[in-house]
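Letter by letter, the chains look like this.
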Amino acid sequence: MTGPDAATVELPPAAPRASDTQEVLVLDFGGQYSQLIARRVREQGVFSELLPHDVPLDEIRGRAPAGLILSGGPSSVYSPGAPPLRPELLELGVPVLGICYGMQAMAYVLGGRVEGAPKGEFGRSRLTVHEPGRLLQGLPHEQSCLMSHRDTVFAPPPGFRALASSDESPVAAFEDTARGLYGIQFHPEVDLTPHGSEILARFLSEGCGCDMSWTPESVIDEAVERIRRQVGDGRVICGLSGGVDSSVAALLTHRAVGDQLTCVFVDHGMMRRNEGDQVIAAFRDAFGVPLVAVDARERFLARLAGVTEPEGKRKAIGSEFIRVFEEEAARIGNPRYLVQGTLYSDVIESGGGTGAATIKSHHNVGGLPTDLSFELVEPLRTLFKDEVREVGAALGMSERLVWRQPFPGPGLAIRVVGGEVTEERLAILRDADFILQEEVRAAGLYRELWQSFCVLPAELRTVGVQGDERSYGYVIAIRAVTSQDAMTAEWARLPHDLVARVSSRLINEISAVNRVVLDVTSKPPGTIEWE
């Protein structure tokens, strides 16, 4: 059974747009799915970014968003210390959608009744639509959704219409279309809410008046224009690793400023087998981008001598990269600007953007030295990896380059775990990685995996038997995960025969290895890389 046809429901027109900027801001009240909300909005063709709930009002006004979304969160809106919803946010003249805590906070400040329910509501729940209004129009009368709350709205604020209920939520959705205010108790951003994307699309298109036109082509146009405005007629240097992130950043910059750009490829000695030659051939020959290749293998190994702590490795490598760039910059006329392929997930994990905790410093975010002499150009800073790949394809990059699995800027150095980085250990990892990648590709699984790689616990040796003799060799850990954006990841269920082939080859072809283990940890609680 479905709700009334759209033609039978009389609604005021969508709220007027504050500007032509097509973005919807998500304000984070501490919900576990906050980042996912922004991703789902982007999937609907509208740019979205996650900001702290207490971001200054002037910043929001200055960005003139098409709408705001208030995320969920773990607090009770009436508890001391709960993150407050500033009433001024509801008076900016832009539509607002509250989700879970966001809905409760909206109800609370506008005079609705929010209290603890007799029972919590966690997991799948049945939603009953009583009056579809604008938000739930055209959706089934009965549908499933994901709930995650103990408080609930018992009465909507004055001027709001209650749209739906669930077993433990008398008011599971409400709206005041005249003011452009909407609230839902459930989570539309997760897969366990089958009609969640439709609800978000309805809010974006009919509530906010968005034209849903954010595409890879529009990203390219906007990025090129931003780079031109920032750089002007200045000289630019780009640290090119050969991964999709730095490659797309380089091509966008080259499209924007042409030969004002010089790419610098630094071989730090921690690349995978033959990777340096492939990068040079692709950019110098295929794309015609000005490129300088620097052999800094001995320099980086010396810089890492005695460094065993993972953050120390990342910061040392990040700092040394900048020093190399500065030296090369002096040789090519001291360009003012440095291009980096920083992604949104890098910024978040490094503690930026939303006030999040630092999980690990990325070499191009938290690893930068304080005396950096360049002005950074980061055209991908608001994009996730899958979005960058779409942009890369639109720029004409080869499928192999676009779909190259993520590889950390510090390279194999951070896959030598718990010990010093040495040439011997790097050589073992290069050989191990080559075997794993060859077998993964042969099995047709490369595109299905977000990442697959080997880890070498540097100080761990185990006893084995090889050739009827006792061996005492290294352990290689196989790590393979599936993910959409690296914010969360599942360990990949690799076929047993594939794991067996890889294990056999690692032990037989790398004499220093006598044991292979498989990492079956998801993120969270683990991270994708071990360090």
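Structure: see above.
Residues numbered from 1 in each chain as written. Predicted model: local features only at pLDDT ≥ 70, side-chain atom pairs only at ≥ 80, totals over all residues. Heavy atoms only, no water.

What follows covers the nonpolar core. In terms of nonpolar packing, the biggest core is built from 48 residues, with V266, M270, F300, F325, I476, L494 and L506 touching the most fellow members. Sorting the residues of this core by element identifies strand 11 (261-267), helix 8 (297-304), helix 9 (310-331), helix 13 (423-442), strand 16 (451-457), strand 18 (469-482), helix 14 (496-509) and strand 20 (513-518) as the ones contributing at least two each. Setting aside chain neighbours within four positions, we find L506 in contact with A432, I435, I476, V513 and V516. Counting residues in hydrophobic clusters, the runner-up holds 39 residues, among them I220, A223, L291 and Y337. (Core = buried A, V, L, I, M, F, W, Y, C linked by side-chain atoms within 4.5 Å. Buried < 20%, exposed > 50% of the residue type's maximum accessible area, 1.4 Å probe, protein only. Helix = DSSP H or I, 4+ residues; strand = E, 2+ residues; numbered from the N terminus. Contact = heavy atoms within 4.5 Å.)

A separate point is the pattern of salt bridges. Summed over the entire model, instances satisfying the criterion amount to 40 salt bridges. When salt bridges with common partners are traced through the structure, they connect E438, E439, D497, R501, R505 and E509 into a single cluster. (Salt bridge = Lys/Arg side-chain N within 4 Å of Asp/Glu carboxyl O.)

A few words on the packing of helix 6 (residues 244-257) against helix 11 (residues 385-394). Two quantities define a packed helix pair, namely the angle between the axes and the distance from one axis to the other. Look at helix 6 against helix 11: their axes get within 10 Å of each other, and the N-to-C directions meet at 45°. The angle between helix 6 and helix 11 falls in the class oblique. Relative to helix 11, the crossing made by helix 6 is left-handed. Note on element contacts: helix 11 touches helix 6 through K385, V388, R389, V391 and G392, opposite V244, D245, V248 and L252. Taken together, the residues of the contact of helix 6 with helix 11 break down into five nonpolar, one polar and three charged. (Axes fitted to C-alpha atoms, helices over the stretch in contact; angles between N-to-C directions. Parallel < 35°, antiparallel > 145°, perpendicular 65-115°, else oblique. Left-handed = near helix turned anticlockwise from the far one by under 90°. Nonpolar A, V, L, I, M, F, W, Y, C, P; charged D, E, K, R; others polar.)

Reading across the sheet, the five strands line up as 12-11-10-13-14 and stay open at both edges, with parallel pairing between neighbours. Edge positions in the sheet fall to strand 12 (291-295) and strand 14 (375-377), since each of these pairs with one other strand and no more. The mean angle between the axes of side-by-side strands here comes to 30°, regardless of whether they run parallel or antiparallel. Where strand 10 (residues 236-239) and strand 11 come together, four bridges link them in parallel fashion. Residue C238 lies in a different strand from strand 11, and its bridge partner there is C263. On the sheet, helix 5 (residues 216-231) packs against strand 10, strand 13 (337-339) and strand 14 and is oriented at approximately 165° with respect to strand 14. (Pairing = 2+ DSSP bridges.)

Let us now look at helix 5. Here helix 5 is 16 residues long and its end C-alpha atoms lie 22 Å apart, about the 22 Å a rise of 1.5 Å per residue gives. Within helix 5, the full set of buried residues consists of P216, S218, V219, I220, A223, V224, I227 and V231. Buried-residue contacts for helix 5 involve strand 10, helix 6, strand 13, strand 14 and helix 11. G232, located one to two residues past helix 5, shows a positive phi value of around 60°. (Expected span 1.5 Å × (residues − 1).)

The next subject is a nonpolar patch on the surface. The grouping of Y78, Y108 and V109 at the surface amounts to a nonpolar patch, some 260 Å² of accessible area in total. Structurally, V109 can be placed in helix 3 (residues 101-109). (Patch = residues over 30% accessible without salt bridge, like charges linked within 9 Å, V, L, I, M, F, W, Y side chains within 5 Å. Areas by Shrake-Rupley, 256 points an atom, 1.4 Å probe, with all protein chains shown as cover.)

Strand order across the open sheet formed by nine strands is 2-1-3-4-9-8-7-5-6, with mixed pairing between neighbours. Each end of this open sheet is capped by a strand with a single partner; those strands are strand 2 (47-52) and strand 6 (142-155). For this sheet, the mean inter-axis angle between neighbouring strands, taken without regard to orientation, is 20°. Pairing of strand 5 (residues 113-129) with strand 7 (residues 161-166) involves three bridges; the strand directions are antiparallel. Of the residues in strand 7, the one forming a bridge with L127 is S166. Against the sheet, helix 1 (residues 34-43) makes contact with strand 1 (23-28), strand 2, strand 3 (67-70) and strand 4 (96-99), and its axis sits at roughly 160° relative to strand 2, the strand it touches most. Against the sheet, helix 3 engages strand 3, strand 4, strand 5, strand 6, strand 8 (173-176) and strand 9 (181-184), with an angle of about 115° to strand 4.

A few words now on the side chain of D433. With respect to the secondary-structure elements, D433 resides in helix 13. No salt bridge is formed by the buried D433. Its closest oppositely charged neighbour is R272, at 4.3 Å. Sequence-distant contacts of D433, that is, excluding residues within four places in its chain, are made with R272, R415, S452, F453 and C454. (Lys, Arg positive; Asp, Glu negative; His and termini not counted.)

We now examine helix 13. The end-to-end C-alpha distance of helix 13 is 29 Å, a good match for the 28 Å that 20 residues give at a rise of 1.5 Å each. Those residues of helix 13 that sit buried are R425, L426, I428, L429, R430, A432, D433, I435, L436, Q437, E439 and V440. Looking one or two residues past helix 13, G444 carries a phi angle of roughly 75°, positive in sign.

Time to look at the packing of aromatic side chains. Enumeration over the complete set of coordinates arrives at five aromatic pairs. Taking the ring centre of F407 as reference, the NZ or CZ of R272 above it sits at 4.1 Å. For the cation-ring pair, R389 lies above W450, with the distance from its terminal atom to the ring centre recorded as 5.4 Å. (Phe/Tyr/Trp six-rings, centres within 6.5 Å; stacked < 30°, edge-to-face > 60°. Lys NZ or Arg CZ within 6 Å of the ring centre and 35° of its normal.)

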